[in-house]
Amino acid sequence: LPVVAIVGRPNVGKSALVNRILGRREAVVEDTPGVTRDRVSYQAEWMNRRFTIVDTGGWEPDARGIDASVAAQAEVAIDLADAVMFVVDSNVGATATDEHVVRLLRKTKKPVYLVANKVDDARLEPQSAALWSLGLGEPHPVSALHGRGVADLLDLVVGKLPEVSAVAKREVGGPRRVAIVGRPNVGKSSLLNKAAGEERVVVNDLAGTTRDPVDEQIELGGKVWRFVDTAGIRRRVHLSQGADFYASLRTSTALEKAEVAVVVLDVTQPISEQDVRIVDLVLESGRALVIAYNKWDLLDDDRRRYLEREIEQNLAHVDWAPRVNISAKTGRHLEKLVPALELALESWDTRIGTGKFNAFLAELVAAHPHPLRGGKQPRILFGTQASSRPPTFVLFTTGFLDPGYRRYIQRRLREIYGFEGSPIVLNMRVRE
Ligand code: GDP
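Residues numbered from 1 in each chain as written. Predicted model: local features only at pLDDT ≥ 70, side-chain atom pairs only at ≥ 80, totals over all residues.

**Overview of the sheet that holds strand β3 (residues 49-55)**
Line of reasoning, step 1. Strand order in the open sheet made by the six strands is β2-β3-β1-β4-β5-β6, with mixed pairing throughout. Each of the sheet's edge strands pairs with one partner strand only, and the pair in question is β2 (41-46) and β6 (139-141). Going from strand to strand, the sheet's axes swing by 30 degrees on average, the running direction of each strand aside.
Line of reasoning, step 2. Two elements, strand β5 (residues 112-117) and β6, share three bridges in a ladder whose sense is parallel. (Pairing = 2+ DSSP bridges. Helix = DSSP H or I, 4+ residues; strand = E, 2+ residues; numbered from the N terminus. Axes fitted to C-alpha atoms, helices over the stretch in contact; angles between N-to-C directions.)

Structure, rendered in structure tokens:
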């Protein structure tokens, strides 16, 4: 889906605007200073056009950090979005912080909409006109709180969005798109550099491919791969606080563009909540998954035992993901990355025919029927694979299947068909 990013200083009303666009109040929690929100992207729809909103304002810095934070938001937004909404509080006007962001925004070729918020009635419109001076074109007066002007703004923004995100387009036969994600300092940029080595491909001349300045095409294992959003990996946003938030933001937006994610973990560090959150973001995104355990050169026997235990405790739910133990520094086992990516993508692309799938279901039910519930037993009438990428199955049943039974079906699917490296989606249609 095309991506619209929302950028602006704290308290200008970004969350209110996101809520207004989504049409539900509870979508974004109240801004609490210093609170990290995990959710950064939302599916929105306007005039039958679906798009993703990325709210870059989830981290509210202390007063000293505002400049860096807003600049970081703008940088991320410019790299990753198809359009940017830059929100200014029209009662306050443009501040020194805004000026800095404006300089960044003026340079981009992507559409930038200057949103003058808190124009709650027509009498306030003149002060929004003062924002012409920012040089970002026409200010669009809105009241995110009351909804005033938001419909007109959305008409404009959505009208100019590309059908498919420029960033997410994949030509048939084009290089497959890989996102390298992970906490800061786990070695993402080292991995990219080592993998690229001397073989960096010059992007321009690949016929029929979408060019995106933040992607790099690299030849690995005799094939060209597109590593998406590498600018975010190479160009570091220097922040003392909020680094985790920006890591999440980068992750979400990179996943949007990718088909497969390599989650990089640092084996010298305990597996953290943030690591698990990043893995879960990949699962939510429905992308294929490979886990790279990096800095293997620094691993001693003691730490290794702890590591295996941490993996069992924290990452058991993704034990189906191909695992590579690498060192971006020495190059150890880097050649295993390509087969892992290929395996994950193959699983992700897999389609199982309806006949075969129903035979599978019949066998599975015969071996282990759904437990009785209140004297009744939900039956599976029929199943089909609705789509691949990731494999998505629909079961028509006579009642909701217990979570345990759904897990059993998923487990059997993996036992029989593999699906290594791909999430499996199981949907249900209950017919009474
Ligand atoms: P990023 O923030 O995830 O991109 O991490 P970097 O690639 O910048 O790496 C962070 C630090 O870890 C740097 O000092 C790297 O030199 C170091 N590093 C990365 N990979 C390895 C590795 O495999 N082994 C060792 N010993 N150090 C590594």
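**Structural notes on unusual backbone geometry**
Line of reasoning, step 1. Residue P390 is reached from R389 by a cis peptide bond, and omega for that bond is -5 degrees.
Line of reasoning, step 2. Position of P390 relative to the elements: it lies in the loop between β13 (380-387) and β14 (392-397).
Line of reasoning, step 3. Of note, N48 is a non-glycine position whose phi angle comes to about 65 degrees, a positive value.
Line of reasoning, step 4. By secondary structure assignment, the location of N48 is in the loop between β2 and β3.
Line of reasoning, step 5. For K118, which is not glycine, the phi torsion reads 70 degrees and is therefore positive.
Line of reasoning, step 6. One can find K118 in the loop between β5 and α4 (125-129).

**Observations regarding the domain arrangement of the protein chain**
Line of reasoning, step 1. Split by domain assignment, the protein chain resolves into domain 1 (3-159), domain 2 (176-348) and domain 3 (354-430).
Line of reasoning, step 2. Counting residues per element, the ones that place at least two in the side of domain 2 that touches domain 3 are β11 (288-294) and α11 (337-349).
Line of reasoning, step 3. If one sorts the elements of the side of domain 2 that touches domain 3 by residue count, α11 sits on top with four residues.
Line of reasoning, step 4. Within the side of domain 2 that touches domain 3, the residues separate by chemical class into 10 nonpolar, two polar and no charged. (Domains from an automatic or database assignment. Nonpolar A, V, L, I, M, F, W, Y, C, P; charged D, E, K, R; others polar.)

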